[in-house]
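Coordinate analysis (summary)
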Amino acid sequence: MPHSHPALARAETFCKTYDLRVPILLAPMAGACPASLSIAVADAGGLGACGALLMPPAAIKAWASEVRAASNGAFQLNLWIPDPAPPRDASAEDAVRAFLGQWGPAVAHDAGDAAPPDFSAQCEAMLEAGPAIISSIMGLYPSAFVERMKARGIKWLAAATTVAEAKSAESAGADAIVAQGMEAGGHRGAFEASKAESAMVGLFSLLPAVVDAVKVPVIAAGGIADARGVAAALILGASAVQVGTGFLRCPEAKLPSAWADAIGASAPEQTLVTRAFSGRAGRSVATAYARAATASGAPPPAPYPVQRGLTQAMRNAAVKDNDIDRMQAWAGQSAALALAKPAAEVAYALWEGARAILL
Ligand SMILES: Cc1cc2nc3c(=O)[nH]c(=O)nc-3n(C[C@H](O)[C@H](O)[C@H](O)COP(=O)(O)O)c2cc1C
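What comes next concerns the included structure.

**Topic: the overall build of the chain**
The number of helices and strands found in the chain is 13 helices and eleven strands. A compact globule built from 359 residues should have a C-alpha radius of gyration of about 21 Å, and the chain, at 19 Å, falls within 12% of that. With respect to the principal axes defined by its C-alpha atoms, the chain has extents near 60 × 45 × 40 Å. Counting the 359 residues in the chain, one finds 56% classified as buried. Accessible surface computed for the chain: about 14000 Å², of which carbon and sulfur atoms make up 56%.

Here you go:
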């Protein structure tokens, strides 16, 4: 990897530390991270990723085995740090249920009770799977778990959406910070759910501020979907980039075609941040449901994970019908830059293009 710009030397150091050939990390994407996508990215020299939030322990281990059977490349396993159990409000949930009934099947009375898999059991499964990297979002792992990770030589990448979160992650032992700008597709990683919509910092401001505030390497995430974005992130101080939406149109991502097509057709202003799918703020295509659910007069979403349970029937029906209007179609603001090409070609275009800009 010849280098003339100091940013390239920084990326090279990162690649050496993490045994990568290119400083491109696939973003962990719960519900959108089949092994096939990680195999392709890892084979191209980048880092594979599994957003394990919704996966029971056996599925986490099976995912790691599937990737290892097909690739020697490294990958990260990722979990959300759970929020405290939310308060419940039966009449507010009734209003959401009635609203959702206009968009999909009638919502079962107990739909809001659905809970994600047990966090501790998922943590154990991640340790047993033994990835090179474990990452976190929405908070920090308990210190006892961090110690166990480190004892096994597993590195910890912690997502942060503010300078304060980045500093607390570094203090807790994170080996690198993933600075997630508000351009990012999917859920915002704010440690406190209530701050996800008020502390909306764009990557151009967040990245250099985090780089100045911590000593560990910083990985840039949010709205990076072509070589210009990769080069800009490296110049702003990143050691690597993490790309989510930019890989979602690849055939290996196996997305419903309506979602993949909408990604290719969405200008930055045609995405929005909403709690209407899960109760946690996330950026999606501004679909008919997302717009209606965020319009004045719509019932406020229930907190996470209650809202996720309430919208499950609608979301399932949308995937079955390939209906973008009611699909949970996460997308970052640079969605339209995503290429409908094999993931190896996307990774190559991102990195070789960035090098050409920086050499
Ligand atoms: C479909 C989707 C699901 C996501 N799920 C997770 C997740 O489970 N864990 C996580 O840390 N980040 C998750 N994210 C956020 C990504 O890690 C990353 O911050 C984001 O994709 C970067 O922005 P970009 O999509 O514009 O590239 C998700 C993003 C998308 C698009």
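**So, the side chain of Thr245**
Mapping Thr245 onto the fold places it in the loop between β9 (240-243) and α10 (257-265). Contacts of Thr245, omitting those with residues within four sequence positions, involve Gly185, Ile263, Ala331, Gly332, Ala335 and Ala338.

**A short note on the sheet that holds strand β11 (residues 282-285)**
The strand order β7-β11-β10 describes an open sheet built from three strands, whose pairing is antiparallel. Among the strands making up the open sheet, the edge pair consists of β7 (186-187) and β10 (271-274). With four bridges connecting them, β10 and β11 associate as antiparallel partners. Residue pairing for β11: Thr274 is matched across the bridge by Gly282.

**Remarks on the site of the ligand**
Around the ligand sit 21 residues, and of these Pro28, Asn78, Gly223, Gly244 and Thr245 come closest. The contact in question runs from an oxygen atom of the ligand to an N or O atom on the backbone of Ala30, over 3.1 Å. Thr245 is positioned with one of its side-chain polar atoms (N or O) 2.5 Å from an oxygen atom of the ligand. Protein coverage of the free-state accessible area of the ligand, which is 590 Å², stands at 97%. Each residue belonging to the shell around the ligand can be placed in one class, and the counts come to eleven nonpolar, ten polar and no charged.

**A word on the pattern of salt bridges**
Here the structure, examined in full by the defined rule, presents 14 salt bridges. The shortest N-O distance in the salt bridge between Glu93 and Arg88 comes to 2.7 Å. Arg88 is the salt-bridge partner of Asp113, the closest N and O atoms lying 3.0 Å from each other. Here Asp113, found in the loop between α4 (90-101) and α5 (119-129), pairs with Arg88, found in the loop between β3 (75-80) and α4; they are 25 residues apart in sequence, far enough to count as distant. Residue classification places Arg88 among the partly exposed residues on the basis of a relative accessible area of 44%. Here the salt bridges share partners, and the residues they tie into one network are Arg88, Glu93 and Asp113.

**Let's talk about the packing of α5 against helix α6 (residues 143-151)**
Where α5 contacts α6, the two axes come as close as 10 Å, and the packing angle between them is 10°. As summarised for this structure, α5 and α6 are arranged roughly parallel, according to the angle between their axes. Residue-level contacts link Cys123, Glu124, Met126 and Leu127 of α5 to Phe145, Arg148 and Met149 of α6. Of the residues in the contact of α5 with α6, the class split is five nonpolar, no polar and two charged.

**Considering the nonpolar core**
One finds Tyr141 and Phe247 to be the most contacted residues of the largest nonpolar core, which totals 105 residues. The dominant element in this core, judged by the number of residues it contributes, is helix α13 (residues 343-358), at seven residues. Excluding its chain neighbours within four sequence positions, the residues that come into contact with Tyr141 are Leu79, Ile81, Phe119, Cys123, Met126, Ile134, Ser135, Ser136, Val146, Met149 and Trp156. Residues Tyr18, Trp80, Ile133 and Tyr304 belong to the second largest nonpolar core, which totals 20 residues.

Reading guide: rules and limits
- The residue numbering used here restarts from 1 in each chain and proceeds along that chain's sequence as written.
- Reporting in this predicted model follows two pLDDT cut-offs: at least 70 for local features of residues, and 80 or more for side-chain atom pairs to be given and counted; totals over whole chains, interfaces and linings ignore these cut-offs and use all residues.
- Water and hydrogen atoms play no part in the side-chain values, which are based on all heavy atoms of the structure.
- Runs of H or I in DSSP of at least four residues are treated as helices and runs of E of at least two as strands, each being numbered from the N terminus.
- Atoms considered for the radius of gyration are the C-alpha atoms alone. The globule rule reads 2.2 Å times the number of residues to the power 0.38.
- Exposed residues in this analysis have more than 50% of their type's maximum accessible area, buried residues have under 20%, and partly exposed residues fall in between, with area computed by a 1.4 Å probe over protein chains only.
- Note that accessible areas follow from Shrake-Rupley with a 1.4 Å probe, and for residues the cover is restricted to the protein chains shown.
- Contacts between residues were defined by any pair of non-hydrogen atoms, one from each residue, lying within 4.5 Å.
- A pair of strands is treated as paired once DSSP finds two or more bridges between them.
- Throughout this document, a residue counts as near a molecule or strand when at least one of its heavy atoms sits within 4 Å of that molecule or strand.
- Pairs of N or O atoms are called polar contacts if they sit within 3.5 Å, as long as, within protein, a hydrogen donor faces a hydrogen acceptor (for residues adjacent in sequence, only side-chain-to-side-chain pairs).
- Residue classes follow a fixed rule: Ala, Val, Leu, Ile, Met, Phe, Trp, Tyr, Cys and Pro count as nonpolar, while Asp, Glu, Lys and Arg count as charged, and any other residue, Gly among them, counts as polar.
- Only one rule defines a salt bridge in this text: a Lys or Arg side-chain nitrogen within 4 Å of an Asp or Glu carboxyl oxygen.
- Note on definitions: angles span 0 to 180 degrees between N-to-C directions of axes, and those axes are lines fitted to C-alpha atoms, for helices only across the stretch in contact.
- Put simply, angles under 35 degrees are roughly parallel, angles over 145 are roughly antiparallel, angles from 65 to 115 are roughly perpendicular, and the rest are oblique.
- Only buried residues count toward a nonpolar core. Its members are Ala, Val, Leu, Ile, Met, Phe, Trp, Tyr and Cys residues joined through side-chain atoms within 4.5 Å.

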